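Now for the letters of each chain:
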Amino acid sequence: MSEKIDVRYVAKLARLDVSEEEVLTYGAQLGNLLTYVDDLSKLPTDGVTATAQVVPLRNVARDDDVRPALDRETVLSMAPQAQGAYFRVPRIIGEPD
Amino acid sequence: MRTAVDIAGAVNARSVSASEVVDAALGNVAAVDDRVGAFLTITAELARDCARRVDERVAAGERLPLAGVPLAVKDNMCLAGTRTTCASKILEHWIAPYTGTAVQRLLDAGAIPIGKTNLDEFAMGSSCENSALGTTKNPWDLTTVPGGSSGGSAAAVASRQVPIALGSDTGGSIREPAAFCGITGFKPTYGRVSRYGLIAFASSLDQIGPFATTVADAALTYDVMAGWDRMDATSVPREVETTYGSWREDLRGVRVGIVREFDLAHLPDAVAEVYKRAYADLERLDASLVDVSLPTAAYGISTYYLIAPAECSSNLARFDGVRYGLRVEGADVTQTYEKTRAAGFGSEVKRRILIGTYALSSGYYDAYYVKAQKARTLIAADFDRAFSACDVIAGPAASSPAFAFNAKSDPLSMYLMDYYTIPISLAGLPGLSVPCGFVPGENGRAMPLGLQLTAPLFAERSLLANAHAYERATMHAFANVPEISAVPA
């Protein structure tokens, strides 16, 4: 199942800027890893259930009670840029000015 | 007075104050940490404040299980008002706005936070070399790594700067550095200790646990932290048995599984000899050795390096330069994400984000991610079968003692360091590493090895009791002292 990873495409999905050099390095390293993990294809898994987590817990629910949380000021103080009661981000819609 | 048990006893008896203990611990750090590099942040002021409060509580008649015990915390756990970096440039200046549950329970029990320790960035690595913020050295030989990812916490305890420290273990990140640093490191069952306030790497695997110089100290620390927490939906609502003090003199009646596939012939001769002696010591303690098989364990690394990066790629999506951490401006918001993450993450973190994104991407999800989840089922089933024939499984914690810096520059060779610990993580089982002897290192120094003991889910009590019996009978944990140590042997 192993094939060459299109590092640039995957990096786009992961919102990660990669340099030409990184494309080559990661391409080779991830190719090696994929070759290694290919041994899993030798393991028969027909009819085996997938395990997401191992402890015997399902659909954990709790009462919807209101409890104290971080206040807005604290949260906004961690932001690289904030304005008023908002996080400030670059323009998302329309042409940059 | 070096162990947590001794310190808490003395502080509770008011023969020494928590403030005096903390001053001594800060003195230890000042004396040796410029050579070891275990800490990224020293919380001296907070430590002195906490010590004063502990002294007041003790004076008022309270008896605290960890009264005045200096504690180091791996820097991927939140401690309110303190820089919490994950050893990453993306969080280099981030101040945690709250304290995680495990840390809070220790502080409530009288422990004193001395500082935050170095790690492989976001806990991804086995040597601590992936830290973007500092280099931690192995106190037994400064030319070797402390192991990882919790290398700072392991080195801080091994060099006797603090008696206990917290680590997190996803694929071996407590057990391998404990082995490399000649101390006890304990990963409880997945879900036993709340992950609230632990910055997530791979959520289905991450678990907090203690480092200590003795099994008793690790048990005492675990007892305080363990148990259900409403803030972590994956913490298990199941009663926690007290482990501290449930000791036994020997291992009579204990069936110790030796894994057929973990053949010692694969190890260097000197290393194999130490483990052969360890198995003989277990028999000398009246344990019966049982041959068990984990036929799927050989697929552990492959399984882990699909599942853990997949979860990592999802968890680390939150570092986008909007709400916290580093931000590098781009022309639009997408470019801001891309530039921020490119500048903020180191190469190992990027590799794992890429492999995880790939394994989860359209067309590959079933072939890689789901396949790995099915392999995980088979690995866990192997352990279930093995534990029908034995009570505890013993084996190496790592295939070698601590290695030199830059010795594992190929990523895959580093991944293979966790060969013995990863299957146990995938199965969610409790495991620990306890010192089991020494081999000559490359520089002629005696380098410690760790015996890994693993028990069924939630069997922490018997696991720690067995480890304690082994530790007391062999005394390997007390046989030697690192080259760099704040307290002489």
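Residues numbered from 1 in each chain as written. Chains lettered and ligands numbered in written order. Predicted model: local features only at pLDDT ≥ 70, side-chain atom pairs only at ≥ 80, totals over all residues. Heavy atoms only, no water.

What about the packing of aromatic side chains?
How two aromatic rings sit relative to each other is set out by the distance from centre to centre and by the angle between their planes.
Residue and element names in this part refer to chain B.
Phase 1: By the definition in use, this model includes 20 aromatic pairs over all chains.
Phase 2: Centroid distance Phe-262 to Tyr-420: 5.0 Å. Interplanar angle 85°. Geometry classified as edge-to-face. Highlighted residues: Phe-262 in the loop between strand 7 (255-259) and helix 8 (269-284) and Tyr-420 in the loop between helix 13 (411-415) and helix 14 (422-426), separated in sequence by 158 residues. Each member of the pair, Phe-262 together with Tyr-420, is buried.
Phase 3: Taken together, the ring pairs connect Trp-94, Phe-122, Phe-319, Tyr-324 and Phe-345 into an aromatic cluster.
Phase 4: Here the guanidinium or amino end of Lys-408 rests over the ring plane of Phe-403, the centre of that ring lying 5.2 Å away. (Phe/Tyr/Trp six-rings, centres within 6.5 Å; stacked < 30°, edge-to-face > 60°. Helix = DSSP H or I, 4+ residues; strand = E, 2+ residues; numbered from the N terminus. Buried < 20%, exposed > 50% of the residue type's maximum accessible area, 1.4 Å probe, protein only. Lys NZ or Arg CZ within 6 Å of the ring centre and 35° of its normal.)

Let's talk about unusual backbone geometry
Residues and elements named next belong to chain B.
Phase 1: Look at the link from Gly-148 to Ser-149: it is a cis peptide, with omega at 10°.
Phase 2: Phi at Phe-122 is positive, roughly 55°, even though this residue is not glycine.
Phase 3: With respect to the element layout, Phe-122 can be found in the loop between strand 3 (112-117) and helix 5 (151-158).
Phase 4: We classify Phe-122 as buried; its relative accessible area is 2%.
Phase 5: Positive phi, close to 80°, is recorded for Asp-286, a residue that is not glycine.
Phase 6: Look at Asp-286 and you get partly exposed, because its relative accessible area is 35%.

So, a nonpolar patch on the surface
Residue and element names in this part refer to chain A.
Phase 1: Residues Phe-87, Val-89, Ile-92 and Ile-93 make up a contiguous nonpolar surface patch of about 390 Å² in total accessible area.
Phase 2: For Ile-92, the location among the structural elements is in the segment after strand 2 (86-87).
Phase 3: Residue Ile-92 is classed as exposed on the basis of its relative accessible area of 60%. (Patch = residues over 30% accessible without salt bridge, like charges linked within 9 Å, V, L, I, M, F, W, Y side chains within 5 Å. Areas by Shrake-Rupley, 256 points an atom, 1.4 Å probe, with all protein chains shown as cover. Salt bridge = Lys/Arg side-chain N within 4 Å of Asp/Glu carboxyl O.)

Here's the deal with the side chain of Lys-187 of chain B
Residue and element names in this part refer to chain B.
Phase 1: Along the chain, Lys-187 falls in strand 5 (residues 184-187).
Phase 2: A polar atom in the side chain of Lys-187 sits 2.9 Å from the backbone oxygen of Leu-429.
Phase 3: Ignoring anything within four residues of it in the chain, the contact list for Lys-187 reads Asp-169, Arg-175, Gln-207, Ser-425, Gly-428, Leu-429, Pro-430 and Gly-431. (Polar contact = N/O pair within 3.5 Å; in protein donor to acceptor, adjacent residues only side chain to side chain. Contact = heavy atoms within 4.5 Å.)

Here's the deal with the nonpolar core
Phase 1: Ile-114, Phe-122 and Leu-451 of chain B are the most contacted members of the largest nonpolar core, which has 182 residues in total.
Phase 2: Sequence-distant contacts of Leu-451 of chain B, defined by excluding residues within four places in its chain, comprise Tyr-275, Ala-278, Tyr-279, Leu-282, Ala-394, Gly-395, Leu-432, Ser-433, Val-434, Cys-436 and Tyr-470 of chain B.
Phase 3: The next biggest cluster of nonpolar side chains, apart from the first, holds 6 residues, and it includes Val-54, Val-55 and Leu-57 of chain A together with Val-236 of chain B. (Core = buried A, V, L, I, M, F, W, Y, C linked by side-chain atoms within 4.5 Å.)

Details of the packing of helix 9 (residues 300-315) of chain B against helix 12 (residues 365-386) of chain B
Residue and element names in this part refer to chain B.
Phase 1: Look at helix 9 against helix 12: their axes get within 9 Å of each other, and the N-to-C directions meet at 125°. As judged from the angle between their axes, helix 9 and helix 12 are oblique. Here the hand of the crossing between helix 9 and helix 12 comes out left-handed. Listed contacts from helix 12 to Gly-300, Thr-303, Leu-306, Ile-307 and Ala-310 of helix 9 are Tyr-368, Tyr-369, Ala-372, Gln-373, Ala-375, Arg-376 and Ile-379. (Axes fitted to C-alpha atoms, helices over the stretch in contact; angles between N-to-C directions. Parallel < 35°, antiparallel > 145°, perpendicular 65-115°, else oblique. Left-handed = near helix turned anticlockwise from the far one by under 90°.)

Notes on the packing of helix 2 (residues 20-37) of chain A against helix 11 (residues 347-360) of chain B
Phase 1: Two elements in contact, helix 2 of chain A and helix 11 of chain B, have axes whose closest approach is 11 Å; the angle formed by their N-to-C orientations is 60°. In terms of their interaxial angle, helix 2 of chain A and helix 11 of chain B are classed as oblique. Relative to helix 11 of chain B, the crossing made by helix 2 of chain A is right-handed. Mapping the contact onto sequence places Glu-22, Tyr-26, Gln-29, Leu-30, Leu-33 and Leu-34 of chain A in helix 2 of chain A and Ser-347, Lys-350, Arg-351, Leu-354, Ile-355 and Tyr-358 of chain B in helix 11 of chain B.
Phase 2: Per-class residue counts for the contact of helix 2 of chain A with helix 11 of chain B are 7 nonpolar, 2 polar and 3 charged. (Nonpolar A, V, L, I, M, F, W, Y, C, P; charged D, E, K, R; others polar.)

Some points on the confidence of the model for chain A
Phase 1: Across chain A, the average pLDDT comes to 90, with 94% of residues at or above 70.
Phase 2: By mean pLDDT, helix 3 (residues 72-77) of chain A is the weakest element of chain A at 94, and helix 1 (residues 7-13) of chain A is the strongest at 97. (pLDDT = per-residue confidence, 0-100.)

Comments concerning helix 8 of chain B
Residues spaced three or four apart along an α-helix point in a common direction, a consequence of the helix completing one turn every 3.6 residues.
Residues and elements named next belong to chain B.
Phase 1: With 16 residues, helix 8 extends 22 Å between its outermost C-alpha atoms, agreeing within 8% with the 22 Å of an ideal straight helix rising 1.5 Å per residue.
Phase 2: Those residues of helix 8 lying buried are Val-271, Ala-272, Val-274, Tyr-275, Ala-278, Tyr-279, Asp-281 and Leu-282.
Phase 3: Buried residues in helix 8 make contact with strand 7, strand 8 (288-292), strand 9 (392-396), strand 10 (431-440), strand 11 (446-454) and helix 15 (460-474). (Expected span 1.5 Å × (residues − 1).)

Overview of the environment of Leu-34 of chain A
Phase 1: For Leu-34 of chain A, the location among the structural elements is in helix 2.
Phase 2: The spatial distance from the C-alpha of Leu-34 of chain A to the C-alpha of Glu-21 of chain A is 20 Å, given a sequence separation of 13 residues.

Overview of the pattern of salt bridges
Phase 1: The full count for this structure, using the stated rule, is 25 salt bridges over all chains.
Phase 2: In this structure, the salt-bridge partner of Glu-338 of chain B is Lys-12 of chain A, at a minimum N-O distance of 2.9 Å. A residue pair is termed interchain when its members come from two chains, as with Glu-338 of chain B in helix 10 (residues 333-344) and Lys-12 of chain A in helix 1.
Phase 3: Between Arg-175 of chain B and Asp-169 of chain B there is a salt bridge, with the nearest N and O atoms lying 2.9 Å from each other. Judged on exposure class, the residue Arg-175 of chain B and its partner Asp-169 of chain B are both buried.

Remarks on the sheet that holds strand 10 of chain B
Residue and element names in this part refer to chain B.
Phase 1: If you trace the 11 strands from one edge of the open sheet to the other, you get 1-3-2-4-6-5-10-11-9-7-8, paired in mixed fashion. Both edges of this open sheet fall to strand 1 (39-42) and strand 8, since each of them pairs with a single strand only. Across this sheet, the average inter-strand angle for adjacent strands is 30°, counted without regard to direction.
Phase 2: Sheet analysis places strand 5 next to strand 6 (residues 207-212), joined by 2 bridges and oriented antiparallel. In the sheet register, Thr-184 faces strand 6, and the bridge partner there is Ala-212. (Pairing = 2+ DSSP bridges.)

Structural notes on the pairing of strand 10 of chain B
Regular strands show a simple pattern: their side chains alternate between the two faces of the sheet.
Residue and element names in this part refer to chain B.
Phase 1: Counted residue by residue, strand 10 has 8 buried out of 10 residues, so it is predominantly covered.
Phase 2: By the bridge criterion, 3 bridges tie strand 5 to strand 10 in an arrangement that is antiparallel. Its bridge partner being in strand 10, Lys-187 is matched across the sheet by Gly-431.
Phase 3: Hairpin connection of strand 10 to strand 11: 5 residues between the antiparallel strands, including Gly-444 at a positive phi of 85°.

What to know about the interface of chain A and chain B
Phase 1: Facing the 56 residues of chain A at the interface are 65 residues of chain B.
Phase 2: Summed over both partners, the interface of chain A with chain B comes to about 5500 Å²; 69% of that surface belongs to carbon and sulfur atoms.
Phase 3: Seen at the junction of chain A and chain B, the total is 3 salt bridges.
Phase 4: Summed over the shared surface of chain A and chain B, the result is 17 residue pairs in polar contact (both at pLDDT 80 or more).
Phase 5: Elements with a contribution of two residues or more to the side of chain A that touches chain B: helix 1, helix 2 and helix 3 of chain A.
Phase 6: In terms of residue count, helix 2 of chain A provides more of the side of chain A that touches chain B than any other element does, 9 residues in total.
Phase 7: Residues that form the side of chain A that touches chain B fall into these classes: 34 nonpolar, 10 polar and 12 charged. (Buried area = accessible area lost by both parts, 1.4 Å probe.)

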